[in-house]
Amino acid sequence: MRLVFAGTPEVAVPALEALLASDRHEVVAVVTRPDAPAGRGRKLVASPVAQRAEEAGIEILKPAKPSDPEFVARLTELAPDCCPVVAYGALLRPGTLEIPKHGWVNLHFSLLPAWRGAAPVQHAVLAGDEVTGASTFLIEQGLDSGPVYGILTEEIRPTDTSGELLTRLSHAGARLLTATMDGIADGSLHAVAQPSEGITLAPKISVEDARIDWTHPALRVDRVVRGCAPAPGAWTVFRGERLKVSGAVKLLTDASELAPGELAVGKNSVRVGTGSHEIELGEVQPQGKKPMRAADWARGARIESGERFEG
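One structure accompanies this document, and this report is about it. (Residues numbered from 1 in each chain as written. Predicted model: local features only at pLDDT ≥ 70, side-chain atom pairs only at ≥ 80, totals over all residues. Heavy atoms only, no water.)

**Re helix α1 (residues 13-21)**
Phase 1 of the analysis: Within α1, burial applies to Val-13, Pro-14, Ala-15, Leu-16 and Leu-19.
Phase 2 of the analysis: Buried residues along α1 sit in contact with β1 (2-7), β2 (26-31), α2 (48-56), β6 (83-86) and α6 (162-186). (Buried < 20%, exposed > 50% of the residue type's maximum accessible area, 1.4 Å probe, protein only. Helix = DSSP H or I, 4+ residues; strand = E, 2+ residues; numbered from the N terminus. Contact = heavy atoms within 4.5 Å.)

Next up, the structure:
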């Protein structure tokens with residue numbers, strides 16, 4: 001099939017790579033979000049998908065909105081059979097959806113209808129799910145509600161951060177998306193409507209969602225730290241300044257002697273009280289500094305046992 005691939009962040013690149021490597025399909029163009037400011041200089045930088053497409057010599061389309069008339073006209077000229085999508089980041093309107101013969105097929109990182117929305121992987125970790133996966137489905141006007149072509153499953157490991165899990169899913173999902181394109185091309189694959197039960201929503205995680213509540217049980221604190229890594233990053237307040245908890249925490253099984261948020265500083269460790277058991281911090285990141293071992297942070301800031309995190 002003639003394909004126009006739509007995607008923006010790094011997590012979409014493995015799928016683009018897989019389709020470029022396929023001898024059954026031709027990627028004639030990519031659609032991605034416009035260049036965005038990045039880094040300390042806030043210079044405009046092309047998306048990871050745009051950078052890979054440029055390396056491959058593929059036409060790159062960067063509409064401010066996919067409903068822009070110039071973009072719709074160019075997509076019509078390209079006459080794609082199908083438009084595979086991975087984390088494109090913009091809403092597609094009916095007129096645009098109808099251009100490719102086989103529609104727009106999205107690779108979504110959950111087992112639909114579970115975790116429809118922008119942050120399925122983060123919510124799966126936050127909820128303590130043991131298994132997640134990826135789905136390919138035909139995009140329609142509803143939120144991730146279209147009929148499903150295929151799925152894969154992936155175990156969520158006890159120490160997985162959202163970033164680590166998403167990386168695995170992006171590579172496994174690339175193979176699923178390519179297989180879906182193969183099945184659509186030869187007519188062997190047909191989309192099946194999603195069940196009406198088991199629907200859960202996964203809205204974008206806000207910075208406030210990532211604030212640690214130390215009165216919560218240790219298991220919940222652990223999930224917040226892992227679920228919000230690497231972005232937006234779990235955080236707390238210490239001595240009036242924000243402190244990111246940027247590395248995995250260790251759950252301690254002994255009965256806690258610390259109040260929620262209370263610190264116990266050892267030579268090589270920093271323990272914190274929660275609503276249940278204590279946890280041991282891994283890495284932290286003070287404002288304006290790089291991530292560091294919690295013990296190094298405590299030593300440098302001259303933190304004493306008994307001091308507390310706020311909130």
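So that's the structure; there's more coming.
**Some thoughts on the packing of aromatic side chains**
Phase 1 of the analysis: Throughout the structure, instances matching the rule amount to 4 aromatic pairs.
Phase 2 of the analysis: Their ring planes at 80° and their centres at 5.7 Å tell us that Phe-238 and Phe-309 sit as a pair that is edge-to-face. Of this pair, Phe-238 sits in strand β10 (residues 235-238) while Phe-309 sits in the segment after α8 (294-300); the two residues are 71 residues apart in sequence, bridging distant segments of the chain.
Phase 3 of the analysis: Accessibility expressed as a relative area gives 8% for Phe-238, which makes it buried.
Phase 4 of the analysis: The exposure class assigned to Phe-309 is buried, which follows from its relative accessible area of 5%.
Phase 5 of the analysis: Ring centres of Trp-297 and Phe-309 lie 6.3 Å apart, and the angle between their planes is 20°; on these two criteria the pair is classed as stacked. Placement of the pair is Trp-297 in helix α8 and Phe-309 in the segment after α8, with a sequence separation of 12 residues.
Phase 6 of the analysis: Judged by relative accessible area, which is 6%, Trp-297 ranks as buried.
Phase 7 of the analysis: Taken together, the ring pairs connect Trp-214, Phe-238, Trp-297 and Phe-309 into an aromatic cluster. (Phe/Tyr/Trp six-rings, centres within 6.5 Å; stacked < 30°, edge-to-face > 60°.)

**Details of the pairing of strand β7 (residues 104-108)**
Phase 1 of the analysis: Counting buried positions along β7 gives 5 out of 5 residues, so the element sits mostly inside the fold.
Phase 2 of the analysis: Side chains of β7 alternate between two faces, with Trp-104, Asn-106 and His-108 and Val-105 and Leu-107 buried alike.
Phase 3 of the analysis: Where β6 and β7 come together, 3 bridges link them in parallel fashion. From the neighbouring strand, Cys-83 faces β7, where its bridge partner is Trp-104.
Phase 4 of the analysis: In this sheet, strand β8 (residues 131-138) lies alongside β7 in antiparallel orientation, the contact comprising 4 bridges. In the sheet register, Leu-107 faces β8, and the bridge partner there is Thr-136. (Pairing = 2+ DSSP bridges.)

**Topic: the layout of surface pockets**
Space left empty within the atom packing is revealed by a probe, the size of a water molecule, rolled over the atoms.
Phase 1 of the analysis: As a volume, the largest pocket reaches approximately 1,100 Å³.
Phase 2 of the analysis: Residue lining of the largest pocket: 34 residues in total, with Ala-87, Tyr-88, Gly-89, Gly-117 and Ala-118 positioned closest to the centre.
Phase 3 of the analysis: For the lining of the largest pocket, the elements supplying multiple residues, two or more each, are β7 and α5 (120-126).
Phase 4 of the analysis: For the lining of the largest pocket, the class distribution of residues is 22 nonpolar, 8 polar and 4 charged.
Phase 5 of the analysis: The computed volume of the second largest pocket comes to approximately 240 Å³.
Phase 6 of the analysis: The class makeup of the residues in the lining of the second largest pocket is 6 nonpolar, 2 polar and 5 charged. (1 Å grid on protein atoms, 1.4 Å probe; cavity = no way out; pocket = protein on both sides within 12 Å on 5 of 7 lines; lining within 4 Å. Points joined across faces, edges and corners; volume = space filled by probe spheres on them. Nonpolar A, V, L, I, M, F, W, Y, C, P; charged D, E, K, R; others polar.)

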